[in-house]
Amino acid sequence: GKCLVMAAGFLLQFASAPAVVAPRRHPAVVGRASTIGGTPAVTDRTAVGTLSLPSLGIGTIAWNGKTEEDKARIAGVAAAAQARGLDFFDTAERYGASPLSLIPAALAGLGLPVDKSYLGGDCESNLAEWGRGATVATKFTPTPWRRQASDVVDAARGSCERLGVDSIDLYQLHMPDIIQPFRAFGVVDRKDEIYWDGLAEAYKSGLVRNVGVSNYGGALLERAQEHLARQGVPLVSNQIAFNLLCRREGSLATLEKGNELGVRTLAYYPLAMGLLTGKLAARNLRQAVLEKRVSPQRAADLCRYLEGGSGGTAGDIPRNGVLPLLEAVSDVAAARSKTPAQVALNWVMCKGAIPVGGASSVSQVEDNLGALGWRLEPSEVGQLDAAADDLPFDFKGAGFQTTDSKFVGYGFERWVLN
């Protein structure tokens, strides 16, 4: 009975990731001819495998409108982004799935005779319409019942069908195989190498054009690259949480290892859930909780980062929290005639990563676009590095959305970058 409760609970995480190739360096910016004019996203582009991407991507975890009004708004955001050359969208097969709908699939993973036909994919289906013509990256989620390389291939085929494409531009493993519901009983069954074999099969079959991973530290990243290279498959990307507030505990070292290996880093949470925009205010967050627009747990953590405090996902944050760093970002922004968000995104690019941030409005698309077409001077990067180093804490996420783990009902299952 306890096992069944644990198995049903762990799927709560999905509410809301030849010879060995010689190391190589990335080209900083790759130009691309286009009929779209007047936007820096046309020329400020980065090579990722066979792809030429804008040096700024858009994450779509929130692109799952429940009302016709929401759907129209998101469709407008997607259209505005593509019209401006921001035509790289990142999604995942699990985005859009509700926890309750996935519990039967968890039980099926234990061999019980229940239906596991619905495993999410709503955001992928939406992108078949909203993202038509864009470059789309999606992700396979390791789960206990996916035990063979063919499971990766089958999942890629399902993503192709939902996206309405013949092949996926970039197919990523969402995280290491950390979901181990029987770990407490001494049973751990890691299948990372099986999933790498699945990526290779999907690549060789033509279902995917490029392969990547997510939430891999440097050591596991190098192992994956070597494993795939022996099969003639290049590993082109690794998606991790990375921003001015999230550099310790292996993030920066992982990015640097990726640069050494020639594996491009895609940075999620590039604005630390809005903390680096300078627009978040604790009083507004508390009001949003009263209006049920933000969860109490998420708001409480974000308020700790802003004001200081202890507890939750944030941990121990000194008085005034991120304020000293925000002042440094604002100083650079004022000197550059840019917004703090644009400076924070550009800092990520200067480190060699592609920031992948959300966009829920056309105004956010416009603001993000202003991060392209220029780069901070080394002295400015150093100024921001120093301000970030002075903070005695790192951004760890907020509420049940964290930078190093998935909430799986019975607790958090974590990965370690360092």
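All values reported here derive from a predicted model rather than from experimental measurement. (Residues numbered from 1 in each chain as written. Predicted model: local features only at pLDDT ≥ 70, side-chain atom pairs only at ≥ 80, totals over all residues. Heavy atoms only, no water.)

J.: I would appreciate a short explanation of the environment of R298 in the present structure.
T.: Within the element layout of this structure, R298 appears in helix α10 (residues 296-307). Put simply, R298 and A314 are 16 residues apart on the chain and 9.6 Å apart in space, counted from C-alpha to C-alpha. At 2.5 Å, the side chain of R298 and the side chain of Q401 are in polar contact. (Helix = DSSP H or I, 4+ residues; strand = E, 2+ residues; numbered from the N terminus. Polar contact = N/O pair within 3.5 Å; in protein donor to acceptor, adjacent residues only side chain to side chain.)

J.: Even after reading the chapter, I still don't get the sheet that holds strand β9 (residues 264-268), so can you show me in this structure?
T.: In any sheet, the strands associate via hydrogen bonds between backbone groups, in a parallel or an antiparallel arrangement. Strand order in the closed barrel made by the eight strands is β3-β4-β5-β6-β7-β8-β9-β10, with parallel pairing throughout. Shown here is a sheet whose adjacent strand axes are inclined to one another by a mean of 25°, direction ignored. Pairing of strand β4 (residues 88-90) with strand β5 (residues 135-140), which is carried by three bridges, proceeds in the parallel orientation. Note that in β5 the partner of D90 across the bridge is A137. Docked against the sheet, helix α5 (residues 149-163) engages β5 and β6 (170-173), running at close to 140° with respect to β5. (Pairing = 2+ DSSP bridges. Axes fitted to C-alpha atoms, helices over the stretch in contact; angles between N-to-C directions. Contact = heavy atoms within 4.5 Å.)

J.: What am I meant to see in the packing of aromatic side chains here?
T.: What describes a pair of aromatic rings is the distance from one ring centre to the other and the angle between the planes of the rings. All chains considered together, the criterion is met by 10 aromatic pairs. Geometrically, the ring pair formed by Y268 and Y269 is edge-to-face, given 5.1 Å between the ring centres and 70° between the ring planes. Judged by its relative accessible area of 15%, Y268 falls in the buried class. Relative to F395, the ring of Y269 has its centre 6.0 Å away and its plane inclined at 90°; by these criteria the two rings are edge-to-face. Taken together, the residues span a long stretch of sequence, with Y269 in the loop between β9 and α9 (282-290) and F395 in the loop between α14 (378-389) and β11 (397-398) at a distance of 126 residues. Using a relative accessible area of 1% as the deciding quantity, one classes F395 as buried. (Phe/Tyr/Trp six-rings, centres within 6.5 Å; stacked < 30°, edge-to-face > 60°. Buried < 20%, exposed > 50% of the residue type's maximum accessible area, 1.4 Å probe, protein only.)

J.: Would you mind going over the side chain of T60 with me for this structure?
T.: Following the sequence through the fold, T60 ends up in the loop between β3 (57-59) and α2 (68-83). Taking the relative accessible area as the measure of exposure, T60 reaches 0% and is therefore buried. In this structure the side chain of T60 is engaged in a polar contact, spanning 2.9 Å, whose partner is the backbone oxygen of D90. Among residues more than four places away in sequence, those in contact with T60 are F89, D90, T91, Y95, C123 and L127.

J.: Explain the side chain of E380 to me, please; I cannot follow it from the model alone.
T.: Mapped onto the elements of the fold, E380 is located in helix α14. Under the relative-accessibility criterion, E380 is labelled buried at 13%. Reaching out from E380, the side chain makes a polar contact with the backbone nitrogen of E377 at a distance of 2.7 Å. Discounting residues that sit within four places of it in the chain, E380 has contacts with V332 and R336.

J.: Just to check I follow, could you spell out the pairing of strand β2 (residues 51-54) for this structure?
T.: Regular strands place their side chains on alternate faces of the sheet. Pairing of strand β1 (residues 45-48) with β2 involves four bridges; the strand directions are antiparallel. Counterpart to T46 in the pairing with β2 is L53. The antiparallel pairing of β1 with β2 creates a hairpin that spans two residues between the two strands, and G49 there sits at a positive phi of about 60°.

J.: For this particular structure, what's the right way to read the pattern of salt bridges?
T.: Side chains that carry opposite charge are capable of pairing whenever their charged atoms lie near each other. Enumeration over the complete set of coordinates arrives at 26 salt bridges. Note that R248 and D394 form a salt bridge whose closest N and O atoms lie 3.4 Å from each other. Residue R248 is located in the loop between β8 (235-241) and α8 (251-261), and its partner D394 is located in the loop between α14 and β11; the two are separated by 146 residues in the primary sequence. The exposure class of R248 is partly exposed, given its relative accessible area of 33%. The closest approach of N and O atoms between D385 and K351, which form a salt bridge, is 3.0 Å. In this pair, D385 sits in helix α14 while K351 sits in the loop between α12 (340-350) and β10 (353-358), placing the two residues 34 residues apart along the sequence. We classify D385 as buried; its relative accessible area is 14%. Among the ionic contacts, a cluster of salt bridges with common partners joins R247, K351, D385 and D389. (Salt bridge = Lys/Arg side-chain N within 4 Å of Asp/Glu carboxyl O.)

J.: Looking at this structure, how should I read the pairing of β9?
T.: Most of β9 is tucked away, with five of its five residues classed as buried. Residues R264, L266 and Y268 of β9 are buried on one face, and the alternating residues T265 and A267, pointing to the opposite face, are buried as well. Relative to β9, β8 runs parallel, the two being bridged by five bridges. When the bridges of β9 are listed, I240 appears paired with A267. What joins β8 to β9 is α8, and the crossover it makes is right-handed. Bridge count between β9 and β10: four bridges; the pairing is parallel. Bridging across to β10, Y268 finds its partner in V356. (Right-handed = clockwise from strand over helix to strand, strands pointing away.)

J.: When you look at helix α7 (residues 218-229) in this model, what are you seeing that I'm missing?
T.: One turn of the α-helix equals 3.6 residues, which is why residues spaced by three or four share an orientation. Here α7 is 12 residues long and its end C-alpha atoms lie 16 Å apart, about the 16 Å a rise of 1.5 Å per residue gives. Of all the residues in α7, the buried ones are G218, L220, L221, A224, Q225, H227, L228 and A229. Where α7 is buried, its residues touch α6 (192-205), β7 (211-214), β8 and α8. (Expected span 1.5 Å × (residues − 1).)

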